[in-house]
Amino acid sequence: MRIQFGIEKFIAGTAFAALSVLGATAHAQMAKPNVVILATGGTIAGAGASALNSATYAAAKVGVDKLIAGLPELANIANVRGEQVFQVASESLTNANLLTLAKRVSALSKQADVDGIVITHGTDTVEETAYFLTLVEHTNKPIVMVASMRPGTALSADGALNLFDAVSVAGSKDAMGKGVLLTMNDTIDSGRDVSKNVNIKTNAFSSQWGPLGMVVEGKNYWFRAPVKRHTMNSEFDIDKIDALPNVEIAMGYEGVAPTAIEALGKSGIKALIHGGPGNGSVADRIVPYLQKVRADGAIVIRSARVPDGFVLRNAEQPDDKYDWVVAHDLRPQKARILAMVALTKTSDTKELQRIFWEY
Ligand code: DAS
């Protein structure tokens, strides 16, 4: 009986201990946010031939499960799972890819068991995807884009800490309601404002109006909040968008010929972004060609190739007279994103100009 009683007591004790551990683990897991990583490719998934290849490598090689497995520290801050949405270098993404990604983000954001979403992406066009998502995702949950300038195989690779930071921010309640974010190089930028400004350094990204904050050792330090409309305050909803109109860009420069504008005008575009020098200037010889684009029914939007500042309406060109729209502070590539989204709702130039002021 004694032995029997002893064994029963041992089994009971072990079971209790096991349940306590399981309970503690479950509690700990419950205490940690649930973060989904959507992987699309880029350098953060890249691989080079040697540790010295920080700039010569193949992007979009490493799968999301390997990225997660290579960063066991993630398990300390969140319950993480991954989905491989695409595996491409971001310069090759298409409008169809944007819609697929945005619809997956929307579906996940509606799940009660998802607290935040991280999107790993190439650096070349992450600023476009980030702006698109901030315009069309109706959620307050953190959506955090992340990329890297060096592949994980390189000396002083930046991807691992960038990804850790992104998961940390995506699992943070204080990152809610700030629109889509980009975490790179310890910095948290607004997806609307951020652009890639250096094509080969780890401090490649910045916003002309400044970052929103920093993330250091898993803690967020906020210094400002976005004032332009986004996410829950946006009139655009990806769940109601199934196609994006064709919007193209033509640059302005000394000696520019009208060839590109003429060809684009005949290609069925719904809007043409003109990326002019200075304050969105248009060469005298080009004005008639843009007027024809407008006369043929497409919208003309004046942006500037100058990265900072903003295009002033009726300054370099009589926009009221020509019925043109100005892109405010948006660079041509971002003006194209907003124009595509806006044109899913209206082609009225006064409404479009309002949208460019507000978003
Ligand atoms: N080609 C770049 C891209 O995929 C690689 C990178 O920097 O992520 O955007």
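Residues numbered from 1 in each chain as written. Predicted model: local features only at pLDDT ≥ 70, side-chain atom pairs only at ≥ 80, totals over all residues. Heavy atoms only, no water.

Q: What is the right way to read the pattern of salt bridges from this model?
A: Side-chain pairing between opposite charges can occur once the charged atoms of the two side chains come close. Summed over the entire model, instances satisfying the criterion amount to 19 salt bridges. Where Asp 193 meets Arg 192, a salt bridge forms, and the shortest distance between an N and an O atom there is 2.9 Å. What makes Asp 193 buried here is its relative accessible area of 15%. When salt bridges that share partners are traced, they join Arg 229, Glu 235, Glu 351, Arg 354 and Glu 358 into one network. (Salt bridge = Lys/Arg side-chain N within 4 Å of Asp/Glu carboxyl O. Buried < 20%, exposed > 50% of the residue type's maximum accessible area, 1.4 Å probe, protein only.)

Q: What am I meant to see in the sheet that holds strand β12 (residues 271-276) here?
A: Strands pair in a sheet through their backbones, by hydrogen bonds, and they do so in one of two ways: parallel or antiparallel. Here we have four strands laid out as an open sheet, ordered β11-β12-β13-β14, and parallel in their pairing. Of all strands in the sheet, those with a lone pairing partner are β11 (247-251) and β14 (325-326), marking the two edges. Contacting β11, β12 and β13 (299-304), helix α10 (residues 332-342) runs over the sheet at an angle of about 155° to β11. (Pairing = 2+ DSSP bridges. Helix = DSSP H or I, 4+ residues; strand = E, 2+ residues; numbered from the N terminus. Contact = heavy atoms within 4.5 Å. Axes fitted to C-alpha atoms, helices over the stretch in contact; angles between N-to-C directions.)

Q: Hey, could you run me through the sheet that holds strand β5 (residues 181-184) in this one?
A: The strand order across the open sheet built from eight strands is β2-β1-β3-β4-β5-β6-β9-β10, with neighbouring strands paired in mixed fashion. The open sheet terminates on both sides in strands that have one partner only, identified here as β2 (79-88) and β10 (219-222). Within this sheet the neighbouring strands show an average axis-to-axis angle of 25°, counted without direction. Taken together, the seven bridges between strand β1 (residues 34-41) and β2 define a ladder with parallel strand orientation. Residue Ala 39 lies in a different strand from β2, and its bridge partner there is Gln 84. Helix-sheet contacts for helix α6 (residues 159-170) involve β1, β2, β3 (116-120), β4 (143-146), β5, β6 (187-190), β9 (213-216) and β10, and the interaxial angle to β3 is about 155°.

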